[in-house]
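Understanding the architecture of this molecule
What follows is each chain in one-letter form.
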Amino acid sequence: MIWTEEKIRRMEAEGRGRGSGAGYRPWLEVASVSSIGRSRRVSSPKTGRTHHLLSDVEHDLFLACEWAQNVVDIREQYPLPREVTQTIAQKLRIRHPFYPGTHVPTVMTVDFLLTVLVGGEKKFLALNAKRDEEANDVRSLEKLEIQRTALEEMEVSHYLIYDSQIPQQKLRNIEWIRGALMKEGETEPYVGFFKGLASRMTEELATAADPVLAATVEEYCTAFDVRHGVQTGTGLRVVRMLMAERSLMPDLTSPDLTRESLASFIVTGRPGRLRAVGGEDAF
């Protein structure tokens with residue numbers, strides 16, 4: 001793909017890098033770039049749209065941000081104004097990046113621009129996700145310094161996150177939990193099927209006696225399937241849905257949540273009024 005000023009103007013006209021929530025469109029999308037690692041599209045119930053993640057470390061950091069309750073919006077591949085980054089590069093005496101094989105200055109993007117709630121107020125927070133081996137890459141650090149300075153002028157805090165800083169066990173649990181959510185195009189046996197089962201399960205757990213709470217998640221879900229006459233595995237999916245909406249709070253450090261006793265979870269919801277409570281941060 002050859003980058004030109006005309007292409008950049010066309011992308012700007014398409015609304016790339018603008019909007020928020022479900023209306024945001026990233027500057028770079030999976031189909032338009034090649035990247036190290038596995039690029040992928042991930043749907044998010046929090047933002048109501050599909051996110052374009054260009055590497056494994058971006059994917060992992062996205063899951064952590066989406067899980068955090070104080071994060072209310074996630075904008076990936078967020079573009080910074082070229083006139084700003086070029087001026088900053090000149091001041092810092094750092095060579096501004098150009099698209100390969102061209103004299104066209106790159107539209108520099110920050111991996112994530114988050115909208116977070118702090119003391120009831122919305123603030124912006126920028127994150128870049130990098131692999132550990134990039135820590136000693138001088139050119140990579142120079143470009144990050146241009147971004148950091150540009151964001152500082154925009155009064156946005158900027159943080160650099162390396163893949164080794166993301167707790168993998170917690171991440172795998174988050175991935176397992178969110179895997180229970182309804183997929184695009186998926187249909188229920190009937191309207192309200194999962195909502196009804198979630199309400200029944202929440203009621204059971206909220207009023208369960210000690211012998212029930214001593215059972216593991218796997219044991220309880222197996223019995224739940226039999227008790228309610230549903231397909232094997234349905235109860236386990238419902239319990240993951242309750243974890244996803246924070247009606248059932250898990251210990252994300254567990255190596256296997258299915259083997260944890262129900263007593264180790266916190267039930268935060270009641271039938272008809274499930275609510276999300278607890279810590280703000282993912283990790």
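Residues numbered from 1 in each chain as written. Predicted model: local features only at pLDDT ≥ 70, side-chain atom pairs only at ≥ 80, totals over all residues. Heavy atoms only, no water.

Side note on the overall build of the protein chain
Of the regular secondary structure elements, the protein chain holds nine helices and eight strands. The principal-axis extent of the C-alpha atoms belonging to the protein chain is close to 70 × 35 × 35 Å. For the protein chain, with 283 residues in total, the buried portion stands at 47%. Taking all contacts inside the protein chain whose residues are at least 6 apart in sequence as the whole, residues at least 24 apart take part in 64%. Roughly 14900 Å² of accessible area belongs to the protein chain as shown, and the carbon and sulfur atoms make up 51% of that amount. For the protein chain, the separation between the mean place of its 37 positive charges and that of its 40 negative charges on side chains is 4 Å. (Helix = DSSP H or I, 4+ residues; strand = E, 2+ residues; numbered from the N terminus. Buried < 20%, exposed > 50% of the residue type's maximum accessible area, 1.4 Å probe, protein only. Contact = heavy atoms within 4.5 Å. Areas by Shrake-Rupley, 256 points an atom, 1.4 Å probe, with all protein chains shown as cover. Lys, Arg positive; Asp, Glu negative; His and termini not counted. Charge placed at Lys NZ, Arg CZ, Asp CG, Glu CD.)

Thoughts on unusual backbone geometry
Glycine aside, residues mostly have negative phi angles, and peptide bonds mostly take the trans form. Phi at Gln77 takes a positive value of approximately 50°, unusual for a residue other than glycine. Relative to the assigned elements, Gln77 resides in strand S3 (residues 71-79). Given a relative accessible area of 1%, Gln77 falls into the buried group.

Here's the deal with the pattern of salt bridges
The full count for this structure, using the stated rule, is 22 salt bridges. As a salt-bridge pair, Asp256 and Arg259 come within 3.2 Å of each other at their nearest N and O atoms. Residue classification places Asp256 among the partly exposed residues on the basis of a relative accessible area of 28%. Salt bridges sharing partners connect three or more residues here, namely Glu14, Arg16, Arg25 and Glu29. (Salt bridge = Lys/Arg side-chain N within 4 Å of Asp/Glu carboxyl O.)

Section: the nonpolar core
Counting residues in hydrophobic clusters, the biggest one holds 44 residues, and the most contacted among them are Leu61, Phe112, Leu114, Leu127 and Met201. Listed by contribution, the elements that provide at least two residues to this core are helix H2 (56-67), S3, strand S4 (109-118), strand S5 (121-130), helix H5 (168-178), helix H6 (193-206), helix H8 (217-228) and helix H9 (234-244). Leu61 has contacts with Phe112, Leu127, Ala129, Ile161 and Ile166, leaving out every residue within four places of it along the chain. (Core = buried A, V, L, I, M, F, W, Y, C linked by side-chain atoms within 4.5 Å.)

Some points on the pairing of strand S2 (residues 49-53)
Counting buried positions along S2 gives four out of five residues, so the element sits mostly inside the fold. Bridge analysis of strand S1 (residues 40-44) against S2 gives five bridges, and the strand direction is antiparallel. Residue Arg40 lies in a different strand from S2, and its bridge partner there is Leu53. Linking two consecutive strands that pair antiparallel, namely S1 and S2, is a turn of four residues; a positive phi of about 75° is found at Gly48 within it. (Pairing = 2+ DSSP bridges.)

Considerations on the packing of aromatic side chains
Taken as a whole and judged by the stated rule, the model has five aromatic pairs. Ring geometry for Tyr24 against Tyr78: centres 6.4 Å apart, planes inclined by 25°, an arrangement best described as stacked. Taken together, the positions of Tyr24 in the loop between helix H1 (5-13) and S1 and Tyr78 in strand S3 put the pair 54 residues apart, joining distant regions of the chain. A residue is classified by how much of its surface remains accessible, and Tyr24, at 4% relative accessible area, is buried. Between Phe193 and Phe194, the ring centres sit 5.0 Å apart and the planes meet at 75°, which makes this aromatic pair edge-to-face. No difference in accessibility class separates Phe193 from Phe194, as the two residues are buried. Ring pairing ties together the aromatic residues Tyr190, Phe193 and Phe194, which thus form one cluster. For Lys7, the ring lying beneath its charged end belongs to Trp3, and the centroid distance is 5.1 Å. Its guanidinium or amino end placed over the ring of Trp67, Arg246 lies 3.7 Å from that ring's centre, counting from NZ or CZ. (Phe/Tyr/Trp six-rings, centres within 6.5 Å; stacked < 30°, edge-to-face > 60°. Lys NZ or Arg CZ within 6 Å of the ring centre and 35° of its normal.)

What to know about the confidence of the model for the protein chain
With 93% of its residues at a pLDDT of 70 or more, the protein chain shows a mean pLDDT of 92. Taken as a whole, residues 271-280 scores under 50 in pLDDT and shows 28 contacts with residues more than four places along the chain or in a different chain. (pLDDT = per-residue confidence, 0-100.)

A closer look at the layout of surface pockets
For the largest pocket, the calculated volume is near 1000 Å³. Around the largest pocket, the lining comprises 33 residues; the ones closest to its centre are Leu28, Leu54, Thr109, Lys130 and Lys143. Looking at the lining of the largest pocket, the elements that each hand over two or more residues are H2, S4, S5 and helix H4 (138-153). Of all the elements, H4 adds the most residues to the lining of the largest pocket, at five residues. Along the lines of polarity and charge, the residues of the lining of the largest pocket split into 15 nonpolar, 10 polar and eight charged. Put simply, the second largest pocket is a space of about 470 Å³. Forming the boundary of the second largest pocket are 21 residues, of which Pro45, Leu181, Met241, Ala244 and Glu245 lie nearest the centre. (1 Å grid on protein atoms, 1.4 Å probe; cavity = no way out; pocket = protein on both sides within 12 Å on 5 of 7 lines; lining within 4 Å. Points joined across faces, edges and corners; volume = space filled by probe spheres on them. Nonpolar A, V, L, I, M, F, W, Y, C, P; charged D, E, K, R; others polar.)

Quick notes on the side chain of Arg40
In this structure, Arg40 sits in strand S1. Here the side chain of Arg40 touches His59 through a polar contact of 3.4 Å, side chain to side chain. The residues contacting Arg40, other than those within four sequence positions of it, are Val30, His51, His52, Leu53, Asp56 and His59. (Polar contact = N/O pair within 3.5 Å; in protein donor to acceptor, adjacent residues only side chain to side chain.)

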